[in-house]
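Chain by chain, the residues:
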Amino acid sequence: MPDHSSSPNQPCHPSLDLAQPHSAPIIGYHRAPLSQKFGTPRQPNLIALSSVIEMVAPYDTPLAFVGLEAFSHIWVSWQFHHNYLAKECQANRADSNFRAQVRPPRLGGNQKVGVFASRSMYRPSGLGLSVVKLEGIEVIEGRVLLTLSGADMVDGTPIIDIKPYISYSDALANVNDGFAPAAPASLTVTINEHAQRQFEHIIAAQASINTKDKKKQTVPASVLVHKVQKQLLASDIDYIKALIAQDPRPAYQRQVVNKAFTMRYKSVDVSFEQSELGELQITAMLEVE
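Residue positions within a chain follow its written sequence, with the count starting from 1. For a predicted model such as this one, the threshold for reporting local features is a pLDDT of at least 70, and the threshold for listing and counting side-chain atom pairs is 80 or more; totals across whole chains, interfaces and linings nevertheless cover every residue. Think of the side-chain values as coming from all heavy atoms in the structure, minus any hydrogens and water.

(A) Highlighting the packing of aromatic side chains. Classification of ring pairs uses Phe, Tyr and Trp, with its six-membered ring standing for Trp, and accepts pairs whose centres are within 6.5 Å; under 30 degrees between planes counts as stacked, over 60 as edge-to-face, and the remaining range as tilted. For the structure shown, the criterion picks out five aromatic pairs. Ring geometry for Phe261 and Phe272: centres 6.1 Å apart, planes at 25°, overall stacked. Of the two residues, Phe261 is situated in strand β10 (residues 261–265) and Phe272 in strand β11 (residues 268–274); the sequence distance between them amounts to eleven residues. Note on accessibility: Phe261 and Phe272 belong to one class, buried. Taken together, the ring pairs in this structure connect Phe38, Phe261 and Phe272 into an aromatic cluster. Two conditions define a charge sitting above a ring: the NZ of Lys or the CZ of Arg must be within 6 Å of the ring centre, and it must be within 35 degrees of the ring normal. The ring of Tyr122 is capped by Arg99, whose NZ or CZ atom sits 4.4 Å from the centre of that ring. Strands are runs of DSSP state E lasting at least 2 residues, helices are runs of H or I lasting at least 4, and numbering of each runs from the N terminus. Any residue under 20% of the maximum accessible area for its type is buried, any over 50% is exposed, and the rest in between are partly exposed; the area is computed with a 1.4 Å probe on protein chains only.

This is the structure we're talking about:
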């Protein structure tokens, strides 16, 4: 995790050793419907999922975002904080756990490549980099919230930096995409009647609660974040199906039939399994606290 022991505005010390590891401040946090790694898109822009970056002081000043509204997409630098290496890093054991090779899901989870030839989360830096669509910039009570679509980050992801995406330099033609030349094929996803009824019941129950809460004074930023993180909407079924269609199952279990897997989306645990026909079927939706 970044070191917050020194102020970001503190001047550089003349004896600063540039060979030492760089420590970057956390400038905000990602608020999203997915709170667990399982089900999160493996690359950005595969699913146009809505999410929010909630900036934190002193980086939440509107002055820092003047001019950003002119750009349709942004680069987001962020931190993998849900993998075990990130947790071990906090215990100062990261160097001893350097993983030189990984098994990309695109290669079936069996073939190894070098970590620097992959986009694996198990990286020495623990940093991720994504291009996402900037849907809007909200200034609420003097604080900035960025609305995004297409992010591949879980809820609570620490944000390290934001930069505008510029197509003439960032989008290159005639490139070689190695072992990932195209987006993975999507599977067929259905939902059975039992799960559909559960989904509709949860939406109705939450809508009733939200109607009562509207009579109370609420903080607008909290309402926006809650809608992204927890409130289930009728349109969410399309996102749930699209996420499952990317097949979040481990590569070695993708041929397993009639075994339940569970993906947490907002306030529900979505269970699905593969049928003998090869399609993935949503079999249950249970609300969680």
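(B) Representation of the sheet that holds strand β8 (residues 158–164) within the structure. Any two strands with at least two DSSP bridges between them are considered paired. Strands sit in the order β1-β2-β7-β6-β3-β8 around a closed barrel of six strands; the barrel is antiparallel. The mean inter-strand angle of the sheet, taken between neighbouring strand axes irrespective of direction, is 45°. Two elements, strand β3 (residues 73–79) and strand β6 (residues 127–140), share seven bridges in a ladder whose sense is antiparallel. Opposite Gln79, over in β6, you have Leu127 as the bridge partner. Sitting on the sheet, helix α4 (residues 220–229) is in contact with β1 (28–31), β2 (50–55), β6 and β7 (143–149), with an inclination near 140° to β2. To get an axis, fit a line to the C-alpha atoms, keeping to the stretch in contact for a helix; angles then go from 0 to 180 degrees between the N-to-C directions. The contact definition used throughout considers only heavy atoms, calling two residues in contact when any of these lie within 4.5 Å.

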